[in-house]
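# A closer look at the structure
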Amino acid sequence: MHLDFAFVSHFRALHTMTWAVLLSLLIVAFAATLGRATVNLRGALAAEDGSLAVMLLLPDEGISDVTLVKAGVDTQEFLVETKDGPKLIRLKKGEKEWFVQEKITLRE
């Protein structure tokens, strides 16, 4: 197959290159946004405030509300509203990130 560029109009070539540049920018922007969101979620596990870490560490609980009850140097306690009712979640900060130390089911 033979492609002859003499028959391609200036408008068609410019139009094709414009779409190629725009789509390339869109792909790069999407990849950068996705990468940044991943870094932010990983950072939430190591942040000083563990409220977002509670939601990330307990995805099966169906958490709808998180309230900080007590904050210490390396421990934090949260009152969370889950699909099974209220719970008290105690987080402890390890060397690098938060982990769940204790889950206590509360009665209403």
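Residues numbered from 1 in each chain as written. Predicted model: local features only at pLDDT ≥ 70, side-chain atom pairs only at ≥ 80, totals over all residues. Heavy atoms only, no water.

## Comments concerning the overall build of the protein chain
Quick reminder of the rule: Segments assigned H or I by DSSP are reported as helices when at least four residues long, segments assigned E as strands when at least two residues long, and all are numbered from the N terminus. In this scheme, a residue with accessible area under 20% of its type's maximum is buried, one over 50% is exposed, and one in between is partly exposed, where area comes from a 1.4 Å probe on protein chains only. Whether two residues touch is decided by their heavy atoms; if any such pair falls within 4.5 Å, the residues are in contact. Note on areas: these come from Shrake-Rupley sampling with a 1.4 Å probe, and a residue is covered only by the protein chains present in the view.
Of regular secondary structure, the protein chain possesses two helices and four strands. Along the chain direction, N to C, the helices and strands of the protein chain fall in the order α-α-β-β-β-β. For the protein chain, buried positions account for 19% of its 108 residues. Within the protein chain, counting contacts between residues at least 6 apart in sequence, those at least 24 apart form 29% of the total. Summed over all atoms, the accessible surface of the protein chain reaches about 8400 Å², with 64% contributed by carbon and sulfur.

## Let's talk about the pattern of salt bridges
Cut-off, in case you're wondering: Salt bridges, as used here, are contacts in which a Lys or Arg side-chain nitrogen is within 4 Å of a carboxyl oxygen on Asp or Glu.
Counted by the stated rule, this structure contains five salt bridges. The shortest N-O distance in the salt bridge between Asp74 and Lys92 comes to 3.1 Å. Taken as a pair, Asp74 in the loop between strand E1 (65-71) and strand E2 (75-82) and Lys92 in strand E3 (residues 85-93) lie far apart in primary sequence, 18 residues in all. With relative accessibility at 33%, the residue Asp74 sits in the partly exposed group. The class of Lys92 is partly exposed, set by a relative accessible area of 26%. Note that Arg90 and Glu77 form a salt bridge whose closest N and O atoms lie 2.8 Å from each other.

## Topic: the confidence of the model for the protein chain
Rules: A residue's pLDDT is the confidence the predictor assigns to it, expressed on a 0 to 100 scale.
On average, residues of the protein chain carry a pLDDT of 83, and 87% of them reach 70 or more. Taking the mean pLDDT of every element in the protein chain, the minimum, 80, falls on helix H2 (residues 51-57) and the maximum, 89, on E2.

## Quick look at the nonpolar core
What counts, and what does not: Buried residues of nine kinds, namely Ala, Val, Leu, Ile, Met, Phe, Trp, Tyr and Cys, make up a nonpolar core once their side-chain atoms join them within 4.5 Å.
Grouped together as the largest cluster of nonpolar side chains are nine residues: Ala53, Val54, Leu58, Ile63, Phe78, Val80, Ile89, Leu91 and Trp98. Breaking this core down by element, the ones donating at least two residues are H2, E2 and E3.

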